[in-house]
Amino acid sequence: MNKAVKNAQEAIEGIRDNMTVMFGGFGLCGIPENTIMALSKTSVKGLVCISNNCGVDDFGLGFLLNNHQIKKMVSSYVGENAEFERQMMSGELEVELLPQGTLAERIRAGGAGIPAFYVPAGYGTEVGEGKESREFNGKMHLLELGLTADFAVVKAWKGDTAGNLIYKYTANNFNNMMAMAGKITIAEVEELVPAGELDPNFIHTPGVFVQRIFKGIDYEKRIEQLTLSK
Amino acid sequence: MALDKNQIARRIARELKDGNFVNLGIGIPTLVANFIPENIHVTLQSENGMLGMGPFPTMETVDADLINAGKQTITYLPGASFFDSATSFAMIRGGHIDITILGAFEVSEAGDIASWKVPRKLIKGMGGAMDLVASAKNIIVAMQHTNKEGQSKLLKECTLPLTGVNCVKRIVTDLAVLDVTEKGFRLLERAPGVTVEQIKAATEGTLIVEGEIPEIVL
């Protein structure tokens, strides 16, 4: 089945107000730039966004934030974004902060059909407030729930028309699990090839998890902390 | 003389053993990579999704797709691997990472750590710190002994929101090396020229001093 769509505008068809959408990426690394840009040009609002971070003031999910299209963020780290902090402090934006590994596993579990699981992270902290806890092997754990979304938007290096994806270096991060957890998963890729051209031995995300795929354009790939050896 | 940040990192590097898998947090812990003894091999993990982290790149080798958990551009070494964040935290949660070195705002004498939030002042999020402190086999905190106001960061009980409970094993500060024990902070070493009395005065939590306390050898 050919899952290729023309561009980001076509890929986001069906994303409506108040939906839950996952966005892959860690910081600005491996974020679906094209899809975020296309969404920022729509009037869709009230989004619940699940993403490890929320971009920076003038890039990535920062675009949706500045347009007040996001109602709630579920993240693990939200520093380096002044507008985010302002909206959070003023109460305009609802924020749920989770330990990064818990967030990653909740997404993986959601995509894998596991409704809940126990992890030790956050026990005894405010993350554990209101959560069921239980002792295993002499250590306390918190019950955490699997997460799914109406749409998941991921970015890969290479993809084929069957939806198979390959990531580059640390740009994999949350993309692989999020692809599994979207009812509809949109993948944007730097290189899109016909099915059969990627070596099936080296696929990271099997095509079954991806419903729409397109070749992104004009990737800026902005670097947040350019650090060079002296 | 109190240790500077590089000296704290140099002292912590001596805790690493050949074959260790190590996760370094942001700040002083990142500097530890510069002081790993040449006769041992350790593998650095970055929780966004890599094992085998190398030094920072040059302008010619920089790649936006290759960053560490502090979002800094990085390189990789022979034998490196890349994976998704769920696999990365499976390594951490599953006990496959030997040592976690991270910074802190406060540590309590029971080994509780506060490092992610100052109510009404700073809310950036915990990132991977809660997962790391809940699961790593050995957790070492690198921090200043006192805060900017001169107040002790080694307390009977933490005052800030916690990152984890009863997890810190060892602390290396600008003044001392201490272990967290059932009875309190046990003083192991003192910075060159710093007296036990000065460390006592800078430690709000219970300080256990037994016998002669040697100076830190750098």
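It should be emphasised that the depicted structure is a prediction, and the values quoted were computed from it without experimental measurement. (Residues numbered from 1 in each chain as written. Chains lettered and ligands numbered in written order. Predicted model: local features only at pLDDT ≥ 70, side-chain atom pairs only at ≥ 80, totals over all residues. Heavy atoms only, no water.)

### Points about the overall build of chain B
Right, so step 1: A tally of helices and strands in chain B yields 5 helices and 15 strands.
Right, so step 2: Against the compact-globule benchmark of 17 Å for 218 residues, chain B has a radius of gyration of 17 Å, which places it among compact chains.
Right, so step 3: With the C-alpha coordinates of chain B rotated into their principal frame, the extents come out at 50 × 40 × 30 Å.
Right, so step 4: Counting all 218 residues of chain B, 58% fall into the buried class.
Right, so step 5: Restricting the contact set of chain B to residue pairs at least 6 apart, pairs at least 24 apart contribute 61%.
Right, so step 6: For chain B, the computed accessible surface area is about 9400 Å², with 52% contributed by carbon and sulfur atoms.
Right, so step 7: Of the charged side chains in chain B, 21 are positive and 25 negative, and the gap between their average positions amounts to 4 Å. (Helix = DSSP H or I, 4+ residues; strand = E, 2+ residues; numbered from the N terminus. Rg over C-alpha atoms; globule rule 2.2 N^0.38 Å. Buried < 20%, exposed > 50% of the residue type's maximum accessible area, 1.4 Å probe, protein only. Contact = heavy atoms within 4.5 Å. Areas by Shrake-Rupley, 256 points an atom, 1.4 Å probe, with all protein chains shown as cover. Lys, Arg positive; Asp, Glu negative; His and termini not counted. Charge placed at Lys NZ, Arg CZ, Asp CG, Glu CD.)

### Some details on a nonpolar patch on the surface
Right, so step 1: Judged by side-chain polarity, Ile223 and Leu226 of chain A together with Met59 of chain B come together as a nonpolar surface patch covering roughly 260 Å² of accessible area.
Right, so step 2: Checked against the element boundaries, Met59 of chain B lands in the loop between β3 (50-53) and β4 (76-82). (Patch = residues over 30% accessible without salt bridge, like charges linked within 9 Å, V, L, I, M, F, W, Y side chains within 5 Å. Salt bridge = Lys/Arg side-chain N within 4 Å of Asp/Glu carboxyl O.)

### Let's talk about the packing of helix α5 (residues 100-112) of chain A against helix α3 (residues 85-93) of chain B
Right, so step 1: The contact between α5 of chain A and α3 of chain B brings their axes to 9 Å, and the two run at 125 degrees. Considering their axes alone, α5 of chain A and α3 of chain B lie oblique with respect to each other. Here α5 of chain A and α3 of chain B pass one another in a crossing that is left-handed. Along its contact with α5 of chain A, which presents Gln100, Gly101, Thr102, Ala104, Glu105 and Arg108 of chain A, the element α3 of chain B presents Ser85, Ala86, Phe89 and Arg93 of chain B.
Right, so step 2: Broken down by class, the residue content of the contact of α5 of chain A with α3 of chain B amounts to 3 nonpolar, 4 polar and 3 charged. (Axes fitted to C-alpha atoms, helices over the stretch in contact; angles between N-to-C directions. Parallel < 35°, antiparallel > 145°, perpendicular 65-115°, else oblique. Left-handed = near helix turned anticlockwise from the far one by under 90°. Nonpolar A, V, L, I, M, F, W, Y, C, P; charged D, E, K, R; others polar.)

### Focus: α3 of chain B
Right, so step 1: Ser85, Ala86, Ser88, Phe89, Met91 and Ile92 of chain B are the residues of α3 of chain B that are buried.
Right, so step 2: Buried positions along α3 of chain B lie against α5 and α6 (175-181) of chain A together with β2 (43-46), β3 and α4 (129-135) of chain B.
Right, so step 3: Two or three places before Ala86 of chain B, at the start of α3 of chain B, stands the capping residue Asp84 of chain B, its side-chain oxygen 3.0 Å from that residue's backbone nitrogen.
Right, so step 4: Phi turns positive, to about 80 degrees, at Gly95 of chain B, one or two residues after α3 of chain B. (Polar contact = N/O pair within 3.5 Å; in protein donor to acceptor, adjacent residues only side chain to side chain.)

### Focus: empty space enclosed by the protein
Think of a ball as big as a water molecule: rolled over the atoms, this probe shows where empty space is left.
Right, so step 1: Counted according to the given criterion, the structure contains 4 cavities of 30 Å³ or more.
Right, so step 2: Residue lining of the largest cavity: 13 residues in total, with Gly27, Ile31, Ser51, Asn53 and Leu61 of chain A positioned closest to the centre.
Right, so step 3: Taken as a whole, the second largest cavity encloses approximately 60 Å³ of empty space.
Right, so step 4: Together, Leu28, Cys29, Gly30, Ile31, Glu33, Lys155, Tyr219 and Lys221 of chain A together with Ala64 and Asp65 of chain B line the second largest cavity.
Right, so step 5: Of the residues that constitute the lining of the second largest cavity, the class distribution is 5 nonpolar, 1 polar and 4 charged. (1 Å grid on protein atoms, 1.4 Å probe; cavity = no way out; pocket = protein on both sides within 12 Å on 5 of 7 lines; lining within 4 Å. Points joined across faces, edges and corners; volume = space filled by probe spheres on them.)

### Side note on the state of the cysteines
Two cysteines joined by a covalent bond between their sulfur atoms form a disulfide.
Residue and element names in this part refer to chain A.
Right, so step 1: Tallying each qualifying case throughout the model produces 0 disulfides over all chains.
Right, so step 2: Not part of a disulfide, Cys29 finds its nearest cysteine sulfur in Cys54, a span of 17 Å.
Right, so step 3: Cys49 supplies the cysteine sulfur nearest to Cys54, a cysteine that is in no disulfide, at a spacing of 6.9 Å.
Right, so step 4: Cys54 sits in the buried class, given a relative accessible area of 2%. (Disulfide = S-S within 2.5 Å.)

### Topic: the sheet that holds β4 of chain B
Residue and element names in this part refer to chain B.
Right, so step 1: Spatially, β4-β3-β2-β1-β5-β10-β12-β13-β14-β15 is the arrangement adopted by the 10 strands of the open sheet, whose pairing is mixed. In this open sheet, the two strands that pair with only one neighbour each are β4 and β15 (207-208).
Right, so step 2: Where strand β5 (residues 99-102) lies against strand β10 (residues 138-142), 4 bridges are found, and the strand directions are parallel. Looking at the pairing, Ile101 lines up with Ile140 of β10.
Right, so step 3: Helix-sheet contacts for helix α1 (residues 5-13) involve β5, β10, β12 (170-172), β13 (176-181) and β14 (184-190), and the interaxial angle to β12 is about 145 degrees. (Pairing = 2+ DSSP bridges.)

### A short note on the side chain of Asn175 of chain A
Right, so step 1: Its place among the elements puts Asn175 of chain A in helix α6.
Right, so step 2: Non-local contacts of Asn175 of chain A, meaning those with residues more than four positions away in its chain, are made with Gly24, Gly25, Gly30, Val153, Val154, Lys155 and Tyr167 of chain A.

### Here we look at the layout of surface pockets
Right, so step 1: By volume, the second largest pocket is sized at about 340 Å³.
Right, so step 2: Among the secondary structure elements, those contributing two or more residues to the lining of the second largest pocket are β7 (139-145) of chain A together with α4 of chain B.
Right, so step 3: Broken down by element, the lining of the second largest pocket gets its largest block of residues, 4 residues, from α4 of chain B.
Right, so step 4: Each residue belonging to the lining of the second largest pocket can be placed in one class, and the counts come to 10 nonpolar, 6 polar and 2 charged.

### Some points on the interface of chain A and chain B
Right, so step 1: Between chain A and chain B, the contact holds 49 residues from the first and 46 residues from the second.
Right, so step 2: Regarding the contact of chain A and chain B, the summed buried area is about 3900 Å², with carbon and sulfur atoms giving 62% of it.
Right, so step 3: Counting every contact that joins chain A to chain B gives 4 salt bridges.
Right, so step 4: Among the salt bridges present, the one from Lys168 of chain A reaches Asp63 of chain B, with a minimum N-O distance of 3.0 Å.
Right, so step 5: Across the contact surface, chain A and chain B share 23 residue pairs in polar contact (both at pLDDT 80 or more).
Right, so step 6: Among the elements of the structure, α4 (82-90), α5 and α6 of chain A are those that each provide at least two residues to the side of chain A that touches chain B.
Right, so step 7: For the side of chain A that touches chain B, the element with the highest residue contribution is α5 of chain A, accounting for 6 residues.
Right, so step 8: For the side of chain A that touches chain B, the residue count by class is 22 nonpolar, 17 polar and 10 charged. (Buried area = accessible area lost by both parts, 1.4 Å probe.)

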